[in-house]
Amino acid sequence: MAKKEKNTPENIQFQKIISHAKEYGFVFPSSEVYDGLQAVYDYGQNGVQLKNNLKQIWWKAMTQLHENVVGIDAAIFMHPTVWKASGHVDSFNDPMIDNKDSKKRYRADVLVENRAAEYAKNGENDRSEALLQKLGKLQEEENLDGIRDLIIEENIVCAVSETANWTEVRQFNLMFATEIGSVSDDASKVYLRPETAQGIFVNFLNVQQTGRMKVPFGIAQIGKAFRNEIVARQFIFRMREFEQMEMQYFVRPGEEKESYDYWKATRIKFLEALGIPADKLRFHDHIKLAHYANAAADIEFEFPFGWKELEGIHSRTDFDLTKHQEFSKKKMQYFDEEVEDKDKKRYIPYVVETSIGADRLFLAILCQAYTEDTGVDAKGQEKTRLYLRLHPVLAPTKVAVFPLVKKDGLPEKAKEVFELLRYDFETVYEDRGAIGKNYTRQDLVGTPFCITVDHQTLEDNTVTLRHRDSTEQERLNISDLRVKIGEAVSLKNIFKALR
Ligand code: GAP
């Protein structure tokens, strides 16, 4: 079944996006000269700009647009007890199963979920739903043998060996461990953090007290996280080293529902403001909740390989802070002056969390931006134009400046224009190659504006400004360029949509 899937239009489209990301300097496999490292990727010259833009917009949308949200940057290494308290040492596991013939390892639950997705795709929605419910029940009961039986019952085979010669299902902890210091004993064992959230929880009182924060308030953080994922497929969707953008919002117990609803609505608006259409986003409300949560939802995006989680919004009660209080023996309470009942003034706040992967958001934005427009050219021939329809605020390069020809003083004039713009916008100057090819190259990396300096420029100080999406050109005075481009690439365009 997996083999058949390889040539679906969706898979072909996804393969094109992956190739494009590599060819145009967005994402490279890590250590590629050594044949790569599974599920680890590097960002190239355009990728890093796009990712930085995404991170900056998220950061500002959290901290600048919310007076009661501040940021921190906690270390990747944390005291090992943090992960005992949080439950990651005991239960941050995925159920895995190996195929004895191919020796390939799979996530047992994902094998079943994929089968359910196939049913749904073939219009067998009831069958798909029934299968997912069966799986959910087995997961709840932690019945690993039952999950294996389900795989056999469904006749799910390994994509490589095409056999159902499966091992038992076993739990596999996803945390990477290493040692700190020079003495190799248990006490020096540390983990690479599997989520950034715990750095926020353990700093909750530091920030609250030093920032004189009043509940409700939030702490935002962007940083690397590491998980030894078993299913390492789908490009940068599931990585072993990735970046999270998380925000923990501390509220009075009993007031979490209001904040949960607020953040659900706000986060969807944020994604739409980045250019993701509403019909490509949906909520998946969790029916079965983790024992510490009283509400949870994923925001799913329709990737070329199906609807998948992009962001999680979780109402986590006081679970994490209570656990840290218990393990550290340090009080994690907040004193609320505004509560009248003196017995209720001191409490451990409840937490609503929003958590999105920077890499996963990058992939969603790239998939959404990848555009193939087919039309008829001036000679009546059918042509496909490929470009990245990125929101101008996100584009790695905002503007490219070209002289029409490399003589007659045009390069000198074009460089003047370049100098005028480069301090405000990511600007490139190019005087090699034909103008048409240069436009195409900028389209492929999503540059919203190209400026061409021609002979008329020398006479009247005007240039052509070409717009990426429409390919239309307008003639503008050089002195108007900064305002025109500045308006299009201003962060305000995103932030206004969030108010
Ligand atoms: N603190 C909560 C938490 O970590 P999660 O659902 O495990 O929750 C949150 O992760 C988000 O992090 C996901 O919605 C996804 O965007 C991103 N993410 C998780 N695992 C990832 C991986 N292996 N590769 C890339 N992104 C990942």
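Predicted, not measured: the structure shown is a model, and the values here were computed from it. Here, residues in each chain are numbered from 1, in the same order as that chain's written sequence. Given that this is a predicted model, residues contribute local features only at a pLDDT of at least 70 and side-chain atom pairs are listed and counted only at 80 or more, while totals for whole chains, interfaces and linings are drawn from all residues. Remark: hydrogens and water are excluded; side-chain values derive from all non-hydrogen atoms of the structure.

A.B. asks: Sorry if this is basic, but what is going on with the sheet that holds strand β10 (residues 241-251) here?
C.D. replies: Backbone-to-backbone hydrogen bonds pair the strands of a sheet. The strands run either parallel or antiparallel. Should DSSP find at least two bridges between two strands, the strands are regarded as paired. Numbered from the N terminus, helices here are DSSP runs of H or I no shorter than four residues, and strands are runs of E no shorter than two. In space, the 7 strands of this open sheet follow the order β3-β9-β10-β16-β13-β12-β11, with mixed pairing throughout. Edge strands, defined here as strands with exactly one partner in the open sheet, are β3 (69-72) and β11 (281-285). On average, each strand axis in the sheet is tilted by 25 degrees relative to the strand beside it, whichever way the strands run. Direction of pairing for β3 relative to strand β9 (residues 217-226): parallel, over a ladder of 4 bridges. Each bridged residue has a counterpart across the sheet, and for V69 the counterpart in β9 is G218. Where helix α11 (residues 256-273) meets the sheet, its contacts fall on β3, β10, β11, β12 (295-303), β13 (306-315) and β16 (350-357), and the angle it forms with β13 comes to roughly 145 degrees. Note on definitions: angles span 0 to 180 degrees between N-to-C directions of axes, and those axes are lines fitted to C-alpha atoms, for helices only across the stretch in contact. Two residues form a contact once any of their heavy atoms are found within 4.5 Å.

A.B. asks: Whenever I open this one, the site of the ligand confuses me. Can you help?
C.D. replies: Any residue with a non-hydrogen atom lying within 4 Å of a molecule or strand is treated as near it. Near the ligand you find 20 residues, and of these E195, E229, M239, E246 and E309 are the closest. What qualifies as a polar contact is a pair of N or O atoms within 3.5 Å, subject to a donor-acceptor requirement within protein and to the restriction that residues adjacent in sequence count only when both atoms come from side chains. Within the contact set of the ligand, an oxygen atom lies 2.6 Å away from a side-chain nitrogen or oxygen of E309. In isolation the ligand offers 550 Å² of accessible surface; the protein chains occlude 91% of this area. Taken together, the elements giving at least two residues each to the shell around the ligand come down to β10, β13 and β16. Top contributing element to the shell around the ligand by residue count: β13, with 5 residues. For the shell around the ligand, a count of residues per class yields 6 nonpolar, 5 polar and 9 charged. Values of accessible area rely on a 1.4 Å probe in the Shrake-Rupley scheme; residue burial ignores everything except the protein chains shown. Classes in brief: Ala, Val, Leu, Ile, Met, Phe, Trp, Tyr, Cys and Pro nonpolar; Asp, Glu, Lys and Arg charged; the others, Gly included, polar.

A.B. asks: I would appreciate a short explanation of unusual backbone geometry in the present structure.
C.D. replies: Trans peptide bonds make up the majority, and among non-glycine residues the majority have a negative phi. A cis amide bond links V215 with the next residue in sequence, P216, at an omega value of 5 degrees. With respect to the secondary-structure elements, P216 resides in the loop between α10 (204-210) and β9. Even without being glycine, F235 reaches a positive phi, approximately 60 degrees. Following the sequence through the fold, F235 ends up in the loop between β9 and β10. The exposure class assigned to F235 is buried, which follows from its relative accessible area of 7%. For each residue, the accessible area found with a 1.4 Å probe, counting protein chains only, is set against the maximum for its type, and the residue is called buried under 20%, exposed over 50%, and partly exposed in between.

A.B. asks: Whenever I open this one, the packing of helix α3 (residues 45-63) against α11 confuses me. Can you help?
C.D. replies: The geometry of a pair of packed helices is captured by two quantities: the angle between their axes and the separation between those axes. Orientation of α3 relative to α11, taken along the N-to-C sense of each, is 145 degrees, at an axis distance of 12 Å. In this structure, α3 crosses over α11, and the sense of that crossing is right-handed. Where α3 approaches α11, its residues I57, W58, A61 and M62 are matched on the opposing element by W263, R267 and F270. Broken down by class, the residue content of the contact of α3 with α11 amounts to 6 nonpolar, no polar and 1 charged. The handedness criterion is simple: a crossing whose near helix is rotated anticlockwise from the far helix by less than a right angle is left-handed, and one whose near helix is rotated clockwise is right-handed.

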